[in-house]
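Structural overview for review
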Amino acid sequence: MKKAALVFKIPTTKLPPCTFYFSTSSLASPLYNITTCVASFKQCILDKSFKKGQQLHAQLLITGLQALSPAYTTSLINMYAKCNRMNQALLVFNSTPDCDRNVFTHNAIISGFVSNGLARYGIEFYKEMRRLGVLPDKVTLPCLLKGLCEITEVYEVKKIHGLAFKLGLELDVFVGSALVSSYLKFALVDEAHVLFDKMPERDVVLWNSMINGCAQTGKFNEALGVFRRMRKEGVPIDGFTVTGILSVFAVTGDFDKGRTVHGFVIKVGFGSDLSICNALIDMYGKCDCIAVALEIFEEMDEKDIYSWNSIISISEQAVDYDETLRLFNRMFNYGIHPDLVTIKTVLAACSHVAALMHGREIHSYIIVNGLAKDGKSEDINYVLLNNAILDMYAKCGSMRDAHLVFDQMICKDVASWNIMILGYGMHGYGNEALGLFSLMCATGFMPNEVTFVGVLSACGHAGFVTLGREFLRQMELKYGVTPSIDHYACVIDMLGRAGQLEEAYELAKTMPVKANPVAWRALLAACQLHCNADLAEIVARHIFELDPGHCGSYVLMSNVYVTAGRYKEVLDVRHTMRQQNVKKAPGCSWIELKNGLHTFITGDQIHPEANCIYSVLRLLTSRLSEQGYVPHLV
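Residues numbered from 1 in each chain as written. Predicted model: local features only at pLDDT ≥ 70, side-chain atom pairs only at ≥ 80, totals over all residues. Heavy atoms only, no water.

1. Some remarks on helix α22 (residues 399-408)
Short version of the rule: Working definition: with a 1.4 Å probe on protein chains only, accessible area under 20% of the residue-type maximum means buried, over 50% means exposed, and in between means partly exposed. Numbered from the N terminus, helices here are DSSP runs of H or I no shorter than four residues, and strands are runs of E no shorter than two. Arc, as used here, means the arc of the directions from the helix axis to the C-beta atoms. What makes two residues a contact is simply this: any of their non-hydrogen atoms within 4.5 Å.
Every buried residue of α22 is accounted for by Met-399, Asp-401, Ala-402, Val-405 and Phe-406. All buried residues of α22 project into a common sector of 155° when viewed along the axis, lining one side. Pointing more than 90 degrees away from the buried face of α22 are the exposed residues Arg-400, Asp-407 and Gln-408. Residues of α22 that are buried in the fold lie against α20 (356-368), α21 (380-395), α23 (414-426) and α24 (430-443).

In structure tokens form, the structure reads like this:
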């Protein structure tokens, strides 16, 4: 009979070489039978003890007991597969007599491939199993469905469904649950509902699959409907049910219902469950209840990587970058090693506050621990991580470091090029930005909307007015990118910086897209720069019609009057702000020193060395005044 394992090649780069160590010194020599062998191999799986499993296998080979029964063979294959040693598992399978190979030994190999991230090889093995005439059972089909979901083979999932129907396994609780989950992963909610309603027996796992599947595909009302039906039918709720429902309220931002579920969690005694606490942190964070999320986090007796990632992400999204970095340091002290999600979140925080030293330390950690794969991995997660490093260096003003990372990246995407072009542009390196744009096009990458924001910004900061006009003209004709309000705002800013205020004003009035306050504010800032109060007043009227509540417009207009020496109008602007109940957001600044990041808000006295800081500040202000400096009044 033809051997299944010889049909395809095993990827040697992913599987370790097959080696047995015939060491039995640590084992006693009991009389093994089938029961004790199977139990011993199961214990090796539970202990993750591959070496003990090898030693037991060696002893059984030496004593001639390796062919006790197919059950022994299945347990041995399963032990090697669960310990991520698929070469050894295949060696055992191939050395097994044909008469002892059955659906259970085949299942152990298929499950091993799928659970070790080698789904395609598991599916190929299954096909060979079918060619040999071995019929699948209720264990084979869920393993196959999991593998097919990993390689996104929706058509094959439907074929497995047809086979399950033919074999009379469609309504088996395990096969049915796997089919429902598979359909939901492919957003086939109707198919999942039809099969779910047919199931004669629905356990809590199946109900949870429906709730979580609907939630993950954006069908939030359906998820809540399944939950209500579950409660109505008296199905007991477990932790997975709660986390599924909380994920719905996290996305929809339904604080009241989320808080109700929190009360239920406390009432039924789930309050200390780690996964539920993580889900509550996520839900409260996404509902903008940062204080409650932090309170739950601090009260947790046990915290895992997901707990830390949730609270760090929440603080970063809440623009509390100082707290983000503090939490990251606490996470290290707690003994939890960051993963890719943590690193990307903290790098984003470093970017926002220009914490270059922190960013460099994180980059060093990434290199030492091999997290970025030296820019050589094609995995999208690693490309995104390298892009986060690029973005951090670019926004911190260290374009030399950014370019070093960029040059080392073998796998780049459009975002990688955009980050570099935007970085060079914002720091005034117009020639470098445009040079990279040309290289990007020559390399075969198609520029997108973000690319042209970077190119036009570079033209504006470097004073390349003629080139900027030409890029705007060519965007749609040559590159197929329709100019948006962001692109027109860049050009208006470019013209304004160059002092061509009338042309900028005409473009703002006649641009073929709906005007927004951002474009007009760019022109207002140019009016301040070139001391044109008359045009500023006209521009301000447009802004106040579009966005009367934005404090930045009033501040800009006030500064225009200050520059022009029209202090009565400055008081009028302040009076209008009070009438419109517009309040200026307090200024905030950061400074990074060797002992950490220091945050300052206008007028605060929180810093422990505030007295010394303000004393030096008054000294500097007096020195500046002696040299003729007059500060803005707003």
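2. As for the UniProt feature "repeat: PPR" (unreviewed entry) in the protein chain
Rules: UniProt positions are given in the numbering used here, feature names are shortened, and annotations may be inferred rather than shown by experiment.
The feature "repeat: PPR" (unreviewed entry), as given by UniProt, occupies residues 102-136, 203-237, 273-303, 304-338 and 413-447 in the numbering adopted here. Along residues 203-237 one finds 74% helix and 0% strand; the C-alpha atoms at either end are 10 Å apart. The span residues 304-338 shows a helical share of 77% and a strand share of 0%, and its end C-alpha atoms are spaced 10 Å apart.

3. Let's talk about the packing of helix α28 (residues 501-510) against helix α30 (residues 533-546)
Condition: The axes are straight lines fitted to the C-alpha atoms, using for helices just the contacting stretch, and the angles between their N-to-C directions are given from 0 to 180°. Roughly parallel covers angles under 35 degrees, roughly antiparallel covers those over 145, roughly perpendicular covers 65 to 115, and oblique covers all other angles. Take the far helix as your reference; a near helix turned counterclockwise from it by less than a right angle gives a left-handed crossing, and one turned clockwise gives a right-handed crossing.
Orientation of α28 relative to α30, taken along the N-to-C sense of each, is 20°, at an axis distance of 12 Å. If you check the angle between α28 and α30, you find them roughly parallel. Remark: the crossing between α28 and α30 carries left-handed chirality. Two secondary-structure elements touch here, α28 through Leu-501, Glu-502 and Tyr-505 and α30 through Leu-535, Ile-538, Val-539 and His-542.

4. A closer look at the environment of Ser-484
Within the secondary structure layout, Ser-484 lies in the loop between α26 (465-479) and α27 (485-497). Each C-alpha atom of the pair Ser-484 and Met-511 lies 9.6 Å from the other, and the pair is 27 residues apart in sequence.

5. A word on unusual backbone geometry
Of note, the phi angle at Thr-152 is positive, near 50°, even though the residue is not glycine. Mapped onto the elements, Thr-152 comes out in the loop between α7 (140-150) and α8 (154-167). At Ala-187, a position not held by glycine, the phi torsion is positive, near 60°. Judged by relative accessible area, which is 45%, Ala-187 ranks as partly exposed.

6. Remarks on the nonpolar core
What counts here: As used here, the term nonpolar core means buried Ala, Val, Leu, Ile, Met, Phe, Trp, Tyr and Cys residues forming a set that is joined through side-chain atoms within 4.5 Å.
Residues Ile-109, Ile-343, Leu-347 and Val-539 are the most contacted members of the largest nonpolar core, which totals 177 residues. With sequence-adjacent residues up to four places away left out, Ile-343 is seen in contact with Phe-328, Pro-338, Ile-362, Tyr-365, Ile-366, Leu-371 and Leu-385.

7. Remarks on helix α12 (residues 220-232)
Short version of the rule: Expected span of a helix, by definition, is 1.5 Å for each gap between consecutive residues, and there is one gap fewer than residues.
For α12, spanning 13 residues, the distance from its first C-alpha to its last is 18 Å, which sits close to the expected 18 Å at 1.5 Å a residue. The inward-facing, buried residues of α12 contact α10 (189-198), α11 (204-216) and α13 (239-252). After α12 finishes, the residue Gly-234 shows a positive phi value of roughly 75°.

8. Some points on the environment of Gly-253
Topologically, Gly-253 is positioned in the loop between α13 and α14 (255-268). Along the sequence, Gly-253 and Tyr-284 sit 31 residues apart, while their C-alpha atoms lie 8.5 Å from each other.

9. A short note on the state of the cysteines
Worth spelling out the cut-off: Note that a disulfide, as used here, is simply two cysteine sulfur atoms within 2.5 Å.
Tallied over the full model, the rule gives zero disulfides. Left without a disulfide partner, Cys-350 is nearest to the cysteine sulfur of Cys-396, which lies 6.7 Å away. Looking at the unpaired Cys-459, the closest cysteine sulfur is the one in Cys-490, lying at 9.7 Å. Taking the relative accessible area as the measure of exposure, Cys-459 reaches 0% and is therefore buried.

10. Quick look at the packing of aromatic side chains
Selection rule: Within 6.5 Å between ring centres, the rings of Phe, Tyr and Trp (the latter by its six-membered ring) count as paired, and their orientation is classed by plane angle as stacked under 30 degrees, edge-to-face over 60, tilted in between. Only when the NZ of Lys or the CZ of Arg is both within 6 Å of the ring centre and within 35 degrees of the ring normal is a charge said to sit over the ring.
Under the criterion given, the structure shown has 17 aromatic pairs. Seen from their ring centres, Tyr-424 and Tyr-429 are 5.9 Å apart, and the 90° between their planes marks the pair as edge-to-face. Looking at Tyr-424, the relative accessible area reads 9%, which means it is buried. Since its relative accessible area comes to 39%, Tyr-429 is described here as partly exposed. Through successive ring pairs, a cluster of aromatic residues spans Phe-93, Phe-113, Tyr-121 and Phe-125. If you follow Arg-202 out to its NZ or CZ, it ends over the ring of Phe-196, 5.0 Å from the centre.

11. A few points about the packing of α28 against helix α29 (residues 517-529)
Between two packed helices, both the angle of their axes relative to each other and the distance between the axes serve to describe the pair. Rules: Classification used: nonpolar for Ala, Val, Leu, Ile, Met, Phe, Trp, Tyr, Cys and Pro, charged for Asp, Glu, Lys and Arg, polar for all others including Gly.
Where α28 contacts α29, the axes come no closer than 10 Å and their chain directions differ by 165°. Between α28 and α29, the angle is such that the two are roughly antiparallel. For the pair α28 and α29, the crossing hand works out as left-handed. Between α28 and α29, the residues in contact are Leu-501, Ala-504, Tyr-505, Ala-508 and Lys-509 and Trp-520, Leu-523, Ala-526 and Cys-527, respectively. Tallied by class, the residues present in the contact of α28 with α29 amount to eight nonpolar, no polar and one charged.

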